Amino acid sequence: SNASRPSGGAALPELREATAADIPAMLEVFFAAIEDLDARRGRTAQARNAAPLETHFGHLLQTDPRSSYVADDHGHIVAFGIVMRRGDVAFLSFLFVLPAWQARRVGRAVLAACLEGAAGLDAVATCAEADQPVSTGLYATAGLAPRLPIYLLRGALATGALPDLRSGVERRLITPDAVAGLDRELVGYERPQDHAFWARERTGALFTDAGARVLGYGYAHPSGRVGPVAAADPGDLPSFIGSLVALTPVLEGRQLVVPGTAISALQPLLHSGMRIDGTPAIYCSVHQPPLFDRYVPMSYALL
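Read on for an overview of the structure. Position labels on residues start from 1 in each chain and follow its written sequence. Thresholds applied to this predicted model are a pLDDT of at least 70 for local features of residues and 80 or more for the giving and counting of side-chain atom pairs; totals over whole chains, interfaces and linings are not thresholded and use all residues. With hydrogens and water set aside, each side-chain value is computed from the structure's full complement of heavy atoms.

1. Here we look at the overall build of the protein chain
And step 1. Each helix and strand in the protein chain was counted, giving eight helices and 14 strands.
And step 2. Relative to the compact-globule value of 19 Å for 303 residues, the protein chain shows a C-alpha radius of gyration of 20 Å, a close match.
And step 3. For the protein chain, the C-alpha atoms occupy an extent of roughly 70 × 40 × 35 Å along the three principal directions.
And step 4. Looking at the protein chain as a whole, 48% of its 303 residues are labelled buried.
And step 5. Residues are treated as being in contact if the distance between any of their heavy atoms lies within 4.5 Å. Within the protein chain, counting contacts between residues at least 6 apart in sequence, those at least 24 apart form 73% of the total.
And step 6. Accessibility throughout is a Shrake-Rupley quantity obtained with a 1.4 Å probe, and a residue counts as covered only by protein chains that appear here. Total accessible area on the protein chain stands at roughly 13,600 Å², and carbon and sulfur atoms take up 54% of it. Helix and strand assignments come from DSSP, with helices taken as H or I runs of at least 4 residues and strands as E runs of at least 2, each series counted from the N terminus. Throughout, the radius of gyration refers to the C-alpha atoms, and the reference size of a globule is 2.2 Å times the residue count to the power 0.38. Accessibility here uses a 1.4 Å probe with only protein chains present; expressed as a share of the type maximum, an area under 20% marks a residue as buried, one over 50% as exposed, and anything in between as partly exposed.

2. Looking at the packing of aromatic side chains
And step 1. Pairing of aromatic rings covers Phe, Tyr and the six-membered ring of Trp, with a centre-to-centre limit of 6.5 Å; geometry is then stacked below 30 degrees between planes, edge-to-face above 60, and tilted otherwise. Per the stated rule, a full pass over the model turns up twelve aromatic pairs.
And step 2. Summarising the aromatic geometry, the rings of Phe 30 and Phe 96 are spaced 4.7 Å apart at their centres and angled 70° between planes, so their arrangement reads as edge-to-face. Taken together, the residues span a long stretch of sequence, with Phe 30 in helix 1 (residues 23–41) and Phe 96 in strand 4 (residues 89–97) at a distance of 66 residues.
And step 3. Taking relative accessible area as the criterion, Phe 30 reaches 13% and is therefore assigned buried.
And step 4. You can call Phe 96 buried: its relative accessible area is 18%.

3. Quick notes on the nonpolar core
And step 1. Membership of the largest hydrophobic core comes to 72 residues, with the highest contact counts inside it found for Phe 30, Phe 57, Phe 80, Phe 94, Phe 96, Tyr 217 and Tyr 283.
And step 2. Among the elements that make up this core, the one with the highest residue count is helix 1 (eight residues).
And step 3. In terms of nonpolar packing, the next biggest core, distinct from the first, is built from 24 residues, Leu 153, Leu 162, Phe 207 and Leu 269 among them. Side-chain atoms within 4.5 Å are what join buried Ala, Val, Leu, Ile, Met, Phe, Trp, Tyr and Cys residues into a set we call a nonpolar core.

4. Describing the packing of helix 7 (residues 237–247) against helix 8 (residues 263–271)
And step 1. Running from N to C, helix 7 and helix 8 cross one another at 55°; their axes reach a closest spacing of 8 Å. Relative to helix 8, helix 7 is oriented oblique. In this structure, helix 7 uses Leu 237, Pro 238 and Ile 241 to contact helix 8, whose residues at the interface are Ser 264, Ala 265, Pro 268 and Leu 269. Simply put, an axis is a line fit to the C-alpha atoms, just over the touching stretch for a helix, and the angle between two N-to-C directions goes from 0 to 180 degrees. Oblique is the label for any angle not covered by the other classes, which are roughly parallel (under 35 degrees), roughly antiparallel (over 145) and roughly perpendicular (65 to 115).

5. Some remarks on the environment of Tyr 219
And step 1. Looking at the element boundaries, Tyr 219 is found in strand 9 (residues 214–220).
And step 2. Take Tyr 219: its relative accessible area is 1%, and that puts it in the buried class.
And step 3. For the pair formed by Tyr 219 and Cys 284, sequence separation is 65 residues and the distance between their alpha carbons is 25 Å.
And step 4. Ignoring any residue separated from it by four or fewer positions in sequence, one finds Tyr 219 in contact with Ile 174, His 195, Trp 198, Ala 199, Arg 202, Thr 203, Gly 204, Val 226, Gly 227, Pro 228 and Leu 244.

6. Digging into the pattern of salt bridges
And step 1. Here, a salt bridge means any Lys or Arg side-chain nitrogen found within 4 Å of an Asp or Glu carboxyl oxygen. Counted by the stated rule, this structure contains 15 salt bridges.
And step 2. Residues Glu 170 and Arg 172 are paired through a salt bridge, measuring 3.0 Å at the closest nitrogen-oxygen approach.
And step 3. Overall, Glu 170 belongs to the partly exposed group, its relative accessible area being 32%.
And step 4. Arg 172 gets classed as partly exposed once you look at its relative accessible area, which sits at 33%.

Structure, rendered in structure tokens:
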């Protein structure tokens, strides 16, 4: 179709702000790019699970509409980018280009438009797949230095496989106001809009001591996805994850995105039967990364 064939000449397609109406076409670009990469890497094609991505795209477009752009070739979306701005940090959540349009500077143009929409913030970060060294190198030349690996873990995680909450820790209902200070400390910004998003579709928990001092928080989804999970003390991460697992029974396995520096969680999860799935993502940034030794993100695209 015309959606996958460049127009004649060297002109770039039109760049414009993305809207909710563009989401179906953005999903097509995403899956086409992922399937092309899987084929070139000799990997089995992944199932197209569009519903969670559609919800995710919608959340990002709604909460930060000025930093999401599409490349529109005469009515056909051939690339898109989403830069999420939270506080003074810009995070490149998605940047995908149809295979036939790759290596034509379309991705660079989309990224530049997204960053301009995010007010050209100096604190910029992204997650790049480790098996895409060209992308990682491109980000590095733009100042986004590769900092650390983040692993995708999948597998069965039985209730009781992780330690119980230590004595004196209480589990309460989570509220965005209660965790604002911890978010500033661990990830560098407040994000009530993301907590509202997680609360709509996930089970959340606030962990405090007997005096209501916040020790951490976390969320778990009925699909088996766990995250984000935050802890003021990295030693509490395993028990917080275990508590969330106990709150959300699932039919199949669990899935977590665990930074390599979160050793307190990574080791017990692997000992409990979970396995690293595929190559890691590399967190790249122009600034120091979040305190990942005590923080497990939701995903590579929404920390």
